[in-house]
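Chain residues, written in single-letter form:
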Amino acid sequence: MRRNSRGFTLVEVLVALVMLAFGVLSIARLLARAGEAELEAVQRTQAMALAQDIVDRINSNRANAAQYVGDYVPGDGLQQCAEGAGVSLADRDRCQWTNQLAGALVLDEGRPIGAPLLARGCVVASAPNLYVVAIAWQGVTPTEAPDNGCGEGTFDREANRRVYSTV
């Protein structure tokens, strides 16, 4: 037998396959984390748009801004928002915004999907004519619990609760 023969031994091939497997698994994990980060970013963008919507509604009805204070928790289905002479603008705005928190702006085969997961809203009067609007939702990756109390104790765990707030 020649000692200087060329080629790979079975052990060398197995070592190369194990190294390749670790590389592929690392890439798969990276892609999974990128997907989670993308979902978190989309949810934050949706929360920012929802917060800006209610801020605009409050600004356009400043005389009745105090009527917007409260917690907004969407139910199982979308609410029927009444319109007409007997319904105040604030009542209609609150109903429509609650539907938006349920995802009513974007539908997929009739299902509302245009809001963060389990979104809920809070409007708090922190001082005269000064309101804090917060949107809380269920995040997918645990982090530190937010300081804002909107939605506290309503999600699977506090480390997954996300809150975006604006004044």
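As the structure is a prediction and not an experimental result, all values here were calculated from the model.

> What should I look at first to understand the sheet that holds strand S4 (residues 120-127) in this one?
Strand pairing in a sheet is mediated by backbone hydrogen bonds. Such pairs are either parallel or antiparallel. Taken together, the four strands give an open sheet; going across it, the order is S1-S4-S5-S6, and neighbouring strands pair in antiparallel fashion. Two strands in the sheet have a free side with no partner beyond their single neighbour: strand S1 (70-72) and strand S6 (161-166). Shown here is a sheet whose adjacent strand axes are inclined to one another by a mean of 20°, direction ignored. In this structure, strand S5 (residues 130-138) lies alongside S6, joined through six bridges in antiparallel fashion. From the neighbouring strand, Gln138 faces S6, where its bridge partner is Arg161.

> Looking at this model, I keep getting lost on the pairing of S5. Mind explaining?
Along any regular strand, the residues point their side chains to alternate faces of the sheet. For S5, a buried count of seven out of nine residues is recorded, marking the element as mostly surrounded by other parts of the structure. Of the strand pairs in this sheet, S4 and S5 are connected by seven bridges, and their pairing is antiparallel. Bridge pairing links Val123 to Val133 in S5. The hairpin formed by S4 and S5 contains two residues between the paired strands, and Asn129 there has a positive phi angle of roughly 60°.

> What is the right way to read the nonpolar core from this model?
Counting 19 residues, the largest nonpolar core has Ile58, Trp97, Leu101, Val123, Val133 and Ile135 as the members making the most contacts within it. The set of elements that each furnish at least two residues to this core consists of helix H1 (10-60), helix H2 (89-101) and S5. A total of six residues in this core trace back to one element, the largest contributor, which is H1. If near-sequence neighbours (up to four positions away) are discounted, Leu101 is found in contact with Leu50, Tyr72, Pro74, Ala115, Ala119, Arg120, Gly121 and Ile135. In this structure, Cys122, Ala134, Cys150 and Val163 belong to the second largest nonpolar core, which totals six residues.

> I keep staring at the environment of Ala104 and nothing clicks. Help me out?
By the element assignment, Ala104 lies in the loop between H2 and strand S2 (107-108). According to the relative accessible area criterion, Ala104 is partly exposed, its value standing at 25%. Look past the residues within four positions of Ala104 in its chain and what remains in contact with it is Leu78, Asn99 and Pro112.

> So what exactly am I meant to see when it comes to the state of the cysteines here?
What the rule picks out here adds up to two disulfides. Two residues, Cys81 and Cys95, share a disulfide whose sulfurs are 2.1 Å apart. Taking the sign of the S-S torsion, about -90° here, the bridge from Cys81 to Cys95 comes out left-handed. You can see Cys81 sitting in the loop between S1 and H2 and its partner Cys95 sitting in helix H2, a full 14 residues away along the chain. Note on cysteine connectivity: Cys122 is disulfide-linked to Cys150, with sulfurs 2.1 Å apart. Judged by the torsion about the S-S bond (85°), the Cys122/Cys150 disulfide is right-handed.

Basis of the calculations
- Residues numbered from 1 in each chain as written.
- Predicted model: local features only at pLDDT ≥ 70, side-chain atom pairs only at ≥ 80, totals over all residues.
- Heavy atoms only, no water.
- Pairing = 2+ DSSP bridges.
- Helix = DSSP H or I, 4+ residues; strand = E, 2+ residues; numbered from the N terminus.
- Axes fitted to C-alpha atoms, helices over the stretch in contact; angles between N-to-C directions.
- Buried < 20%, exposed > 50% of the residue type's maximum accessible area, 1.4 Å probe, protein only.
- Core = buried A, V, L, I, M, F, W, Y, C linked by side-chain atoms within 4.5 Å.
- Contact = heavy atoms within 4.5 Å.
- Disulfide = S-S within 2.5 Å.

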